[in-house]
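Each chain, written out:
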Amino acid sequence: MATQFVTPALLRLPGVCVIVGLSKSQIYRMIRAGEFPAGISLGANSVAWPADQVHAWIAEKINASAR
C-alpha cells in the first residue's frame, strides 16, 4: 500500500464561516470562551485556521449531539 501524504490546508475566515455555519462574530466569541480553535497568524493582518482543527471541531460537535 502506498503512503499518502496529506497537505495541510489553511482556511481563511470566510471559508471557516461557510464550513461551520457560524458568523464571524460568533466564531471570535467562541474563541474567547475557549470553545473554538484559535486561528494562526500568517502575517500582520492575516489569520487562518488549520483545516484539520476546524474539521475536528465539527466532528466533536456531531459526536456530542449523538450522545
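Quick summary incoming for the structure in this document.

Definitions and limits used
- Residues numbered from 1 in each chain as written.
- Predicted model: local features only at pLDDT ≥ 70, side-chain atom pairs only at ≥ 80, totals over all residues.
- Heavy atoms only, no water.
- Pairing = 2+ DSSP bridges.
- Helix = DSSP H or I, 4+ residues; strand = E, 2+ residues; numbered from the N terminus.
- Contact = heavy atoms within 4.5 Å.
- Axes fitted to C-alpha atoms, helices over the stretch in contact; angles between N-to-C directions.
- Buried < 20%, exposed > 50% of the residue type's maximum accessible area, 1.4 Å probe, protein only.
- Parallel < 35°, antiparallel > 145°, perpendicular 65-115°, else oblique.
- Left-handed = near helix turned anticlockwise from the far one by under 90°.
- Nonpolar A, V, L, I, M, F, W, Y, C, P; charged D, E, K, R; others polar.

The pairing of strands in a sheet happens through backbone hydrogen bonds and is either parallel or antiparallel. With antiparallel pairing, three strands are arranged side by side in an open sheet as 1-3-2. Strands with a single pairing partner mark the edges of an open sheet, and in this sheet they are strand 1 (10-11) and strand 2 (40-43). Pairing geometry for strand 1 and strand 3 (residues 46-50), over two bridges, is antiparallel. By the bridge assignment for strand 3, Leu 10 is matched with Pro 50. Here helix 3 (residues 51-66) sits on the sheet in contact with strand 1 and strand 3, set at roughly 55 degrees to strand 3.

Further remarks concern the environment of Leu 10. Along the chain, the position of Leu 10 falls in strand 1. For Leu 10, a relative accessible area of 45% corresponds to the partly exposed category. For the pair Leu 10 and Ala 51, spaced 41 residues apart in sequence, the C-alpha separation works out to 5.5 Å. Beyond its immediate sequence surroundings of up to four residues, Leu 10 is in contact with Ile 40, Leu 42, Ala 48, Trp 49 and Pro 50.

A word on the packing of helix 1 (residues 13-20) against helix 3. At a minimum axis separation of 11 Å, helix 1 and helix 3 run at an interaxial angle of 20 degrees. If you check the angle between helix 1 and helix 3, you find them roughly parallel. As for how helix 1 packs across helix 3, the hand of that crossing is right-handed. On the side of helix 1, the interface is formed by Val 16, Ile 19 and Val 20, while helix 3 contributes Val 54, His 55, Trp 57 and Ile 58. Class assignment for the residues of the contact of helix 1 with helix 3 results in six nonpolar, one polar and no charged.

Turning to the packing of helix 1 against helix 2 (residues 24-32), a few remarks are in order. Interaxial distance between helix 1 and helix 2 falls to 10 Å at its minimum, and their mutual angle equals 90 degrees. Here helix 1 is positioned roughly perpendicular relative to helix 2, judged by the angle of their axes. The segment helix 1 lies against helix 2, with Leu 13, Val 16, Cys 17 and Val 20 engaging Lys 24, Ile 27 and Tyr 28. Counted by class, the contact of helix 1 with helix 2 contains six nonpolar, no polar and one charged residues.

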